[in-house]
Amino acid sequence: YNDEEYEDELTMREFGFEDIKVKYRVVLLGESGVGKSALVRQFMTSEYINTYDMSLEYGEREVSVLLDSKESDLVFIDHPCVEMSVENSLATYEPHACVVVYSVTDRRSFEFASEILRYLWQEGTTHERSVILVGNKCDLARARVISSQEGKQLATNHDSKFIETSSGIQHNVDELLVGVLKQIRLREAASIP
Ligand code: GDP
Ligand code: MG
């Protein structure tokens, strides 16, 4: 070892990749009543969740997810848009991913989600971060007013991913959790030269 090499190794050990653990922030957006809190609650029961911390401030949940033999920390930030604008929410939390939720039984919530997507698109957020459009409450088949096709189209038009879920009957909730993490990992891998 010369001094330089020694210092390099020290730096590697002190700041080595295994020691840097980013907490990925995921913001849930969408109209009140679409099931954002219910989805986050259901995430906690997923088999992919290693541990979770309930001692965080209201509206935030930190979880550790084990996927493809790799552990990642995710923080879910569940803020109703009525209290905080999307713009504020992005500036405050600098999320790695945005999950935009509507209810398939409520056209107004779909319009609301589409306004959010349009905003994220215009701001360039969809180019930098993962945006996932979620049509929730798909268990309520008879009350459905938004078709899967319509949801998919909206997401595609705004360069976003799409999934339909039901936090009520646990449909696609794991898939959403895993999908969010996969999207974040893909973006991260793509940004490393
Ligand atoms: P938030 O305001 O977006 O956080 O919505 P909540 O999670 O508080 O849910 C609003 C209401 O919708 C509650 O009464 C939930 O029980 C109900 N809800 C949420 N998700 C579903 C779902 O997938 N299916 C059904 N049938 N009801 C749901
Ligand atoms: Mg809520």
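Small disclaimer: the values here were computed from a predicted structure and weren't measured.

Draft legend 1. Representation of the overall build of the protein chain in the model. If you tally the helices and strands in the protein chain, you get seven helices and seven strands. Reading the protein chain from its N terminus to its C terminus gives the helix and strand order α-β-α-β-β-β-α-β-α-α-β-α-β-α. Pairs at least 24 residues apart make up 70% of the contacts formed inside the protein chain by residues separated by at least 6 positions.

Draft legend 2. Quick peek at the site of ligand 1. As a structural note, the neighbourhood of ligand 1 is formed by 14 residues, with Gly35, Lys36, Ser37, Ala38 and Gly168 the closest of them. Sort the elements by how many residues they give to the shell around ligand 1 and helix H2 (residues 36–43) lands first, with three residues.

Draft legend 3. Region of the structure containing the pairing of strand E3 (residues 60–67). In terms of strand pairing, strand E2 (residues 49–53) meets E3 through four bridges, oriented antiparallel. The partner of Ile49 across the bridge, within E3, is Val65. Between E3 and strand E4 (residues 70–78), which pair antiparallel one after the other, the connecting turn spans two residues, and Asp68 there sits at a positive phi close to 50 degrees.

Draft legend 4. Structural detail: the sheet that holds strand E5 (residues 97–103). Pairing in this open sheet of seven strands is mixed, and the strands run E2-E3-E4-E1-E5-E6-E7 from one edge to the other. Each edge of the open sheet is held by one strand with a lone partner, namely E2 and strand E7 (161–164). Shown here is a sheet whose adjacent strand axes are inclined to one another by a mean of 25 degrees, direction ignored. Most of the contacts of helix H4 (residues 107–122) go to E5, to which it runs at about 160 degrees, and overall it touches strand E1 (23–29), E5 and strand E6 (130–136).

Draft legend 5. Broad picture of unusual backbone geometry. With a phi angle near 60 degrees, Gln170 is a residue other than glycine that sits in the positive phi range. Its location among the elements puts Gln170 in the loop between E7 and helix H7 (173–191). Positive phi, close to 65 degrees, is recorded for Asn172, a residue that is not glycine. Its location among the elements puts Asn172 in the loop between E7 and H7.

About the thresholds
Residues numbered from 1 in each chain as written. Chains lettered and ligands numbered in written order. Predicted model: local features only at pLDDT ≥ 70, side-chain atom pairs only at ≥ 80, totals over all residues. Helix = DSSP H or I, 4+ residues; strand = E, 2+ residues; numbered from the N terminus. Contact = placed C-beta atoms within 7 Å. Near = placed C-beta within 6 Å. Pairing = 2+ DSSP bridges. Axes fitted to C-alpha atoms, helices over the stretch in contact; angles between N-to-C directions.

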